[in-house]
Amino acid sequence: MYCRIIKGTNFIFKIDHLQFTDQDIIDKINQPETVNYGFNLLMDKYQEKVYWVIRRMVIEHDAADDIAQETFVKVWKNIRSFKGDSKLYTWIYRIATNEALNYLRKKKKRFFLPIADVEHELTTSLESDTYYTGDEIQLKLQKAILTLPEKQRLVFNMKYFEELKFSEIAEVMQVSVGSLKAQYHHAVKKIEKFLKAD
Amino acid sequence: MKEENSNIDAGLKEFTNNSSGRPEFKTPENYFEGFQKRVHSKVNDSESWLRAPIMRWSVIGVGCVLAVITIAISKSTPQTAAESAEIPSSELLAYFSNNIDELDEYDLMEMYAEDTALNLNIIQQDTTKVEKEKISKPPVSIDDFSEEEIYEYMLDEGYEDGDWDNL
């Protein structure tokens, strides 16, 4: 069982987020007296998942940290308008992936970088990142993944590393399952081709 | 379907099976422990920016400037309308006709200098009227009056009965 102690300004309380479903969390957020508690539960449940999705996209820890925080700030600002049309975690993932893609787009614009140079820059930062400890095979795979277009990379990461179902990824990216399968198939073929050529 | 999907990346999984399998990305120590606190402070920052004195006064200042501009525009608009409004020449003509005694020669000269076109219009208007009247009324002849009418007229003029036989 996963338990954490969260220190508030005047109180200490224990959270076991596995006890709470997404609906429980939303209910707590919707009540004024438990709104902060509900939001802490939400972050406790999703902060790591959100961080890793973002980190695999932007590679650098500092950027991933900023984007993950910004994601939860947006979740906080918009959670009251969350209608429950989609699942809570796919909604949070959607915010996170949009933030990550926006970051990469801004980076491209700011430095007038073509796609190939962004990919090169990410590869360089991967190699020099003190928080990257992958072995040779993992590094090779990451370099291959970085050759993919951004959205294809996102699909590949969510399917291969996060092991989300196609239906869940489709809900996050708001595309059809069929198109996602095709994208994943293309991504895998490209990576295999890269690995064989390297 | 699941088998079909797992077959897609079977080759890749075989390739990565040879790796050490340890997590490739790391985070600074206790990174996730302080994450919530950082998010909360960011939320507070984003919500309290309006409460900061500098921001509050900036917002008030911008509001005042906008209010002054709005008032200035709303006040200037009717003046402009009044300035640009055209007074009908018939009203001007009526005004000059009614107050002709109060106008001195300088006023009349000034009026003429400022609005020659108006004066021209007046002249043109009068000329046309006269011409129309002339055209519409044929010259008066003696045949248009009866003998009784002529008799009454002569009496009114001081002639006596029989005086006009010698005319």
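Notes on the structure in this doc start here. (Residues numbered from 1 in each chain as written. Chains lettered and ligands numbered in written order. Predicted model: local features only at pLDDT ≥ 70, side-chain atom pairs only at ≥ 80, totals over all residues. Heavy atoms only, no water.)

Some details on the overall build of chain B
Filter applied, for reference: Numbered from the N terminus, helices here are DSSP runs of H or I no shorter than four residues, and strands are runs of E no shorter than two. To sort residues, take the accessible area from a 1.4 Å probe on protein chains only and compare it with the maximum for the residue type: under 20% means buried, over 50% means exposed, and anything in between is partly exposed.
Scanning chain B from terminus to terminus reveals eight helices and zero strands. Written out in order from the N terminus, the α and β elements of chain B read α-α-α-α-α-α-α-α. The buried share of chain B, reckoned over its 167 residues, is 13%.

Details of the side chain of A:Asp135
To be explicit about the condition: By the criterion applied in these results, polar contacts are pairs of N or O atoms within 3.5 Å in which, for protein atoms, one can donate a hydrogen and the other can accept it, and in which residues neighboring in sequence qualify only through two side-chain atoms. For this analysis, residues touch if any pair of their heavy atoms sits within 4.5 Å.
Take A:Asp135: it is sitting in the loop between helix 5 (115-128) and helix 6 (136-145). A polar atom in the side chain of A:Asp135 sits 3.1 Å from the backbone nitrogen of A:Ile137. At 2.9 Å, the side chain of A:Asp135 and the backbone nitrogen of A:Gln138 are in polar contact. Setting aside residues up to four positions removed in sequence, A:Asp135 forms contacts with B:Ser19, B:Ser20 and B:Gly21.

Quick word on the interface of chain B and chain A
Our working rule: When two parts are brought into contact, each loses some accessible area as probed by a 1.4 Å sphere; the total of that loss over both is the buried area. Any carboxyl oxygen of Asp or Glu that lies within 4 Å of a side-chain nitrogen of Lys or Arg is treated as forming a salt bridge with it.
On the side of chain A, 45 residues touch chain B, which itself brings 32 residues to the contact. Both sides of the chain B and chain A interface together cover about 3700 Å² of buried area, and 61% of this is carbon and sulfur. Of the charged contacts, one joins B:Lys42 and A:Glu70 as a salt bridge, the two residues approaching to 3.8 Å between their closest N and O atoms. Summed over the shared surface of chain B and chain A, the result is 13 residue pairs in polar contact (both at pLDDT 80 or more). Looking at the side of chain B that touches chain A, the elements that each hand over two or more residues are helix 1 (2-8), helix 2 (10-16) and helix 3 (35-48) of chain B. Broken down by element, the residue count for the side of chain B that touches chain A peaks at nine residues, all from helix 3 of chain B.

Things to note about a negative patch on the surface
All names here are of chain B. Heads up, the rule is: Residues forming no salt bridge and having over 30% relative accessible area are the ones grouped into patches, like charges within 9 Å of each other and nonpolar side chains (Val, Leu, Ile, Met, Phe, Trp, Tyr) within 5 Å. Computed with a 1.4 Å probe, the accessible areas rest on the Shrake-Rupley method; for each residue, only the protein chains presented here act as cover. Asp and Glu count as negative and Lys and Arg as positive, but His and the ends of the chain are not part of the count. Charge coordinates come from a single atom per side chain, which is NZ of Lys, CZ of Arg, CG of Asp or CD of Glu.
A cluster of like negative charges, contributed by Glu 147, Glu 148, Glu 149, Glu 152, Asp 156 and Glu 157, occupies part of the molecular surface. Tracing the chain through its elements places Glu 152 in helix 8 (residues 147-156). Relative accessible area serves as the criterion here: at 52%, Glu 152 is assigned to the exposed category.

Here we look at the side chain of A:Thr123
Residues and elements named next belong to chain A. Mapped onto the elements of the fold, Thr 123 is located in helix 5. Since its relative accessible area comes to 16%, Thr 123 is described here as buried. With near-sequence residues (within four places) excluded, Thr 123 lies in contact with Lys 143 and Leu 146.

Here we look at the packing of aromatic side chains
How we decide: The rule is short: rings of Phe, Tyr and Trp, with Trp giving its six-membered ring, pair when the centres are within 6.5 Å, and they are stacked under 30 degrees, edge-to-face over 60, tilted in between.
Using the criterion set out here, one finds 16 aromatic pairs over all chains in the structure. Taking the centre distance of 5.3 Å and the plane angle of 90° together, the rings of A:Tyr51 and B:Phe32 count as edge-to-face. With A:Tyr51 in helix 2 (residues 35-58) and B:Phe32 in the loop between helix 2 and helix 3, the pair connects residues from two separate chains. Residue classification places B:Phe32 among the buried residues on the basis of a relative accessible area of 11%.

Comments concerning unusual backbone geometry
It is generally the case that most residues other than glycine have a negative phi and that most peptide bonds are trans. For A:Glu163, which is not glycine, the phi torsion reads 55° and is therefore positive. On the accessibility criterion, A:Glu163 (63% relative accessible area) is exposed. Phi angles above zero are rare outside glycine, and B:Asn30 is one such case at about 60°. Mapping B:Asn30 onto the fold places it in the loop between helix 2 and helix 3.

Section: helix 7 (residues 150-160) of chain A
A large share of helix 7 of chain A lies buried, amounting to ten of its eleven residues. Buried within helix 7 of chain A are the following residues: A:Glu150, A:Gln152, A:Arg153, A:Leu154, A:Val155, A:Phe156, A:Asn157, A:Met158, A:Lys159 and A:Tyr160.

A closer look at the environment of A:Ile59
By the secondary structure assignment, A:Ile59 is in the loop between helix 2 and helix 3 (61-78). Relative accessible area serves as the criterion here: at 0%, A:Ile59 is assigned to the buried category. The residues touching A:Ile59, leaving out its near neighbours within four places in the chain, are A:Ile54, A:Leu122, A:Ser125, A:Leu126, A:Asp129, A:Gln142, A:Leu146 and B:Phe25.

Details of the packing of helix 7 of chain A against helix 8 (residues 166-173) of chain A
Residue and element names in this part refer to chain A. Selection rule: In this analysis, axes come from line fits to C-alpha atoms, helices being fitted only over the stretch in contact, and the angle between any two N-to-C directions falls in the range 0 to 180 degrees. What sets the label is the angle itself: under 35 degrees gives roughly parallel, over 145 gives roughly antiparallel, 65 to 115 gives roughly perpendicular, and the rest give oblique. What makes a crossing left-handed is the near helix being turned counterclockwise from the far one by less than a right angle; a clockwise turn instead makes it right-handed. Each residue receives one of three labels: charged for Asp, Glu, Lys and Arg, nonpolar for Ala, Val, Leu, Ile, Met, Phe, Trp, Tyr, Cys and Pro, and polar for the others, Gly being one of them.
At a minimum axis distance of 10 Å, the contact between helix 7 and helix 8 shows a crossing angle of 140°. On the basis of their axis angle, the class for helix 7 and helix 8 is oblique. For the pair helix 7 and helix 8, the sense of crossing is right-handed. Counted together, Lys 151, Leu 154, Val 155, Met 158 and Lys 159 of helix 7 and Phe 166, Ile 169, Val 172 and Met 173 of helix 8 form the full contact between these two elements. When its residues are assigned to classes, the contact of helix 7 with helix 8 shows seven nonpolar, no polar and two charged.

Some thoughts on the pattern of salt bridges
Under the defined criterion, the tally for this structure stands at nine salt bridges over all chains. In this structure, the salt-bridge partner of A:Asp22 is A:Lys45, at a minimum N-O distance of 3.1 Å. You can see A:Asp22 sitting in helix 1 (residues 22-30) and its partner A:Lys45 sitting in helix 2, a full 23 residues away along the chain. On the accessibility criterion, A:Lys45 (22% relative accessible area) is partly exposed. Put simply, A:Asp65 and B:Arg38 hold a salt bridge, and the shortest N to O gap is 3.9 Å. A residue pair is termed interchain when its members come from two chains, as with A:Asp65 in helix 3 and B:Arg38 in helix 3. Residue A:Asp65 is classed as buried on the basis of its relative accessible area, which comes to 13%.

Remember that the coordinates give geometry; whether it matters functionally is a separate question.
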